[in-house]
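# Coordinate analysis (summary)
Chain by chain, the residues run as shown.
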Amino acid sequence: KPHLPFNAPAKYWDMYDSKDMPVAKNPFVPKGSPLFAVHGDAEMRSYPDRKDLPKPEEGPYDEDKQRELLHAYYACVSYVDAQIGRLLQELDRLGLSENTIIVLWGDHGWKLGEHNSWAKQSNYEIDTRVPLIFSGAGIKAKGRTSNALTEFVDIYPTLCDMAGIKAPSYLQGTDLMPLLENPDKKWKTAAYSQFLLGRFGPPEYRKTERMGYAIRTDRYRYVEWYNWDKEAKKPGAFIAAELFDHEKDPLENVNIADEPANRKLVSRLSLQLKKGWRYSRPE
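Scope of this entry: the structure provided in the associated data block. None of the values given here were measured: they were computed from a predicted structure.

Moving on, we get to the sheet that holds strand S6 (residues 210-216). One open sheet accounts for four strands, arranged S5-S6-S7-S8; its pairing is antiparallel. In this open sheet, the two edge strands, each paired with only one partner strand, are strand S5 (191-197) and strand S8 (234-245). With direction set aside, neighbouring strand axes in the sheet form an average angle of 20 degrees. Strands in contact with helix H7 (residues 263-275) are S5, S6, strand S7 (220-229) and S8; relative to S7, the strand with the most contacts, it is inclined by about 60 degrees.

As structure tokens, then:
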């Protein structure tokens with residue numbers, strides 16, 4: 001949790017009121033982006049009572065139904081939060097808290113009406129940004145936050161360091177221990193993600209496979225889309241690019257990749273995307 005199906009004990013449902021649920025401020029496909037880039041409804045649409053869920057290019061879902069889903073999501077979050085609390089209390093009771101490393105993260109983000117879509121599966125910030133919390137033994141900067149760019153592949157080398165285990169040399173992640181000591185430390189210049197569209201979902205979603213490669217810097221998110229050759233397992237022809245300026249457009253509502261003024265920026269981010277994670281590691 002939180003995960004479909006959205007069910008939780010009544011006590012957590014009763015903590016909220018559907019009328020108070022804030023619906024998404026941007027229930028539309030980003031201006032200038034290809035329609036296929038907004039994806040993820042397949043999982044939600046598989047439930048019989050959600051067959052009426054509109055596609056991203058169609059009108060927003062009925063607001064009462066939106067608020068019902070939001071209500072259920074909040075209830076699930078509170079439910080899992082309570083279970084984490086039980087786990088931490090048991091560590092305290094057993095006297096293990098001071099010798100235990102705790103990491104809490106989500107495996108993906110989740111759309112709740114943003115970009116007129118629901119669930120996961122895209123290269124947008126709403127789907128790729130997740131909670132990441134380190135706690136327990138060996139954390140010097142407990143209770144502090146960091147704006148540094150981090151990735152899932154960073155977790156394993158960090159745990160190796162914290163546990164006194166030599167990390168394998170082939171790991172692509174970056175040990176986050178310096179950030180757990182100084183959250184304001186200068187860090188990597190980019191985080192990377194990719195998502196393959198067209199392998200999952202209803203038949204109309206599976207006509208063409210496309211691979212999206214994304215890079216997130218401190219200010220920008222840049223995505224390149226390619227036709228995917230599933231036999232050769234490599235990208236084919238370039239299709240489209242997306243660029244979002246988080247300083248001016250934190251919700252990623254307007255794709256500015258094709259604006260003439262951004263040509264040099266697109267070229268620079270495209271090169272950094274192709275150079276990959278080694279080019280972006282902290283000094």
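On to the pattern of salt bridges, then. In the structure shown here, the tally under the stated rule is 19 salt bridges. One salt bridge connects glutamate 209 with arginine 199, and the closest N-O pair in it is separated by 2.8 Å. Of the two residues, glutamate 209 is situated in the loop between S5 and S6 and arginine 199 in the loop between S5 and S6; the sequence distance between them amounts to 10 residues. Between arginine 221 and glutamate 252 there is a salt bridge, and its shortest N-O distance comes to 2.9 Å. Of this pair, arginine 221 sits in strand S7 while glutamate 252 sits in the loop between S8 and H7, and the two are 31 residues apart along the sequence. Residues participating in the shared-partner salt-bridge network are Glu125, Arg129, Arg216, Arg221 and Glu252.

Core analysis: the biggest nonpolar cluster contains 15 residues, and Phe6, Met44, Leu69, Trp110, Leu112 and Trp118 have the highest contact counts within it. Of all the elements in the fold, those that place two or more residues in this core are helix H3 (63-93) and strand S3 (118-119). At five residues, H3 tops the list of elements feeding residues into this core. If we skip the residues at most four places from it in the chain, methionine 44 touches Leu4, Phe6, Arg50, Leu53, Leu69 and Trp118. By size, the runner-up hydrophobic cluster in this structure holds 12 residues, among which are Ala241, Ala257, Leu265 and Leu269.

Right, let's talk about the packing of aromatic side chains for a bit. The full count for this structure, using the stated rule, is nine aromatic pairs. An angle of 85 degrees between the planes, with centres 5.4 Å apart, marks the rings of tyrosine 16 and tyrosine 74 as edge-to-face. One end of the pair, tyrosine 16, is in the loop between helix H1 (10-13) and helix H2 (41-45); the other, tyrosine 74, is in helix H3, and 58 residues separate them in sequence. Exposure remark for tyrosine 16: the relative accessible area of 26% places this residue in the partly exposed category. Ring plane angle 75 degrees and centroid distance 6.1 Å describe the contact between tyrosine 213 and tyrosine 226, whose orientation is recorded as edge-to-face.

A few words on the environment of aspartate 52. Position of aspartate 52 relative to the elements: it lies in the loop between H2 and H3. The class of aspartate 52 is partly exposed, set by a relative accessible area of 39%. Distance in space between the C-alpha atoms of aspartate 52 and glycine 32 is 26 Å, their sequence separation being 20 residues. Aside from chain neighbours lying at most four places away, what touches aspartate 52 is Tyr61 and Lys65. A polar contact is formed between the side chain of aspartate 52 and the side chain of lysine 65, at a distance of 2.3 Å.

Across its 13 residues, H7 extends 18 Å between first and last C-alpha, which sits within 8% of the 18 Å expected from 1.5 Å per residue. Among the residues making up H7, those that are buried are Leu265, Val266, Leu269, Ser270, Gln272 and Leu273. All buried residues of H7 project into a common sector of 165 degrees when viewed along the axis, lining one side. Those residues of H7 that are exposed and angled more than 90 degrees off the buried face are Arg263, Lys264 and Lys274. Tucked inside the fold, the buried residues of H7 contact S5, S6, S7, S8 and helix H8 (277-280). One or two positions beyond H7, positive phi appears at glycine 276, with a value near 85 degrees.

Conventions used here
Residues numbered from 1 in each chain as written. Predicted model: local features only at pLDDT ≥ 70, side-chain atom pairs only at ≥ 80, totals over all residues. Heavy atoms only, no water. Pairing = 2+ DSSP bridges. Helix = DSSP H or I, 4+ residues; strand = E, 2+ residues; numbered from the N terminus. Axes fitted to C-alpha atoms, helices over the stretch in contact; angles between N-to-C directions. Contact = heavy atoms within 4.5 Å. Salt bridge = Lys/Arg side-chain N within 4 Å of Asp/Glu carboxyl O. Core = buried A, V, L, I, M, F, W, Y, C linked by side-chain atoms within 4.5 Å. Buried < 20%, exposed > 50% of the residue type's maximum accessible area, 1.4 Å probe, protein only. Phe/Tyr/Trp six-rings, centres within 6.5 Å; stacked < 30°, edge-to-face > 60°. Polar contact = N/O pair within 3.5 Å; in protein donor to acceptor, adjacent residues only side chain to side chain. Expected span 1.5 Å × (residues − 1). Arc of directions from axis to C-beta.

Remember that the coordinates give geometry; whether it matters functionally is a separate question.
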